[in-house]
Amino acid sequence: MAGIADKFTQSAQTAMAGHDEGTCMPTDAPAWSLHSRLKEDTIDIGDLPLCRVLVIKDAHYPWLLLVPRRPDAVEIIDLDEVEQAQLMTEISRAARSLKEITKCDKLNIAALGNLVPQLHVHVIARRSGDAAWPRPVWGVMPPLAQDAEEVQNFISALRRKNLLG
């Protein structure tokens, strides 16, 4: 097992060579920016090593969005293998935190991108009996405005679960 971990670490170090410390971006890479639709629909709560973490502005569901900070990434396959593994780690971390905080019945995890081409992954806590149950959440109900204090409590809970450090 140590051999696999060593190979992964070696591969990650090789892939990261020539990247800026802290951002993991090549020094000559185009600047990353968040798609305007995602800016409009979310609250930015911080960064993981690869992804920007956002909360969707909809009180119907506890809903996180992970957006890899890679310019021009549309599909998961646009990430290199090390970044794909990092994305899965961050999805798992977000999902685990969300499940522990919400005590939800089910997690929905999806990377659709039909309306917003920028690669992003939805992590949604679902409860039987929620506004869309058992259907997918998209288009079922108009977004419900969130209470500012509740959002702050949710973000604080995510930080306590060490999602964002």
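Whatever comes next refers back to the structure up there.
Rules used throughout
Residues numbered from 1 in each chain as written. Predicted model: local features only at pLDDT ≥ 70, side-chain atom pairs only at ≥ 80, totals over all residues. Heavy atoms only, no water. Phe/Tyr/Trp six-rings, centres within 6.5 Å; stacked < 30°, edge-to-face > 60°. Buried < 20%, exposed > 50% of the residue type's maximum accessible area, 1.4 Å probe, protein only. Helix = DSSP H or I, 4+ residues; strand = E, 2+ residues; numbered from the N terminus. Core = buried A, V, L, I, M, F, W, Y, C linked by side-chain atoms within 4.5 Å. Contact = heavy atoms within 4.5 Å.

Caption draft 1: View of the packing of aromatic side chains. Inspection of every chain in the model, using the stated rule, returns 2 aromatic pairs. Ring geometry for tyrosine 61 against tryptophan 63: centres 6.0 Å apart, planes inclined by 75°, an arrangement best described as edge-to-face. When its relative accessible area of 4% is taken as the criterion, tyrosine 61 is described as buried. According to the relative accessible area criterion, tryptophan 63 is buried, its value standing at 6%. Between tryptophan 63 and tryptophan 138 the ring centres are 5.9 Å apart and the planes differ by 90°, which places this aromatic pair in the edge-to-face class. With a gap of 75 residues between them, tryptophan 63 in strand β3 (residues 63-68) and tryptophan 138 in the loop between β5 (121-126) and α4 (148-160) connect regions that are remote in the sequence. Each member of the aromatic cluster is reached from another via a ring pair, and the members are Tyr61, Trp63 and Trp138.

Caption draft 2: Summary view of the nonpolar core. Residues Ile45, Leu64, Leu66, Leu87, Leu98, Val123 and Leu163 are the most contacted members of the largest nonpolar core, which totals 27 residues. Listed by contribution, the elements that provide at least two residues to this core are β2 (51-56), β3, α3 (81-102), β5 and α4. Sorting elements by how many residues they give to this core places α3 first, with 5 residues. Residues within four places of isoleucine 45 in sequence aside, it is in contact with Val53, Leu54, Val55, Leu64, Ile155, Leu158, Arg159 and Leu164. Counting residues in each nonpolar core, the second largest holds 13 residues, with Leu54, Tyr61, Leu65 and Val67 among its members.

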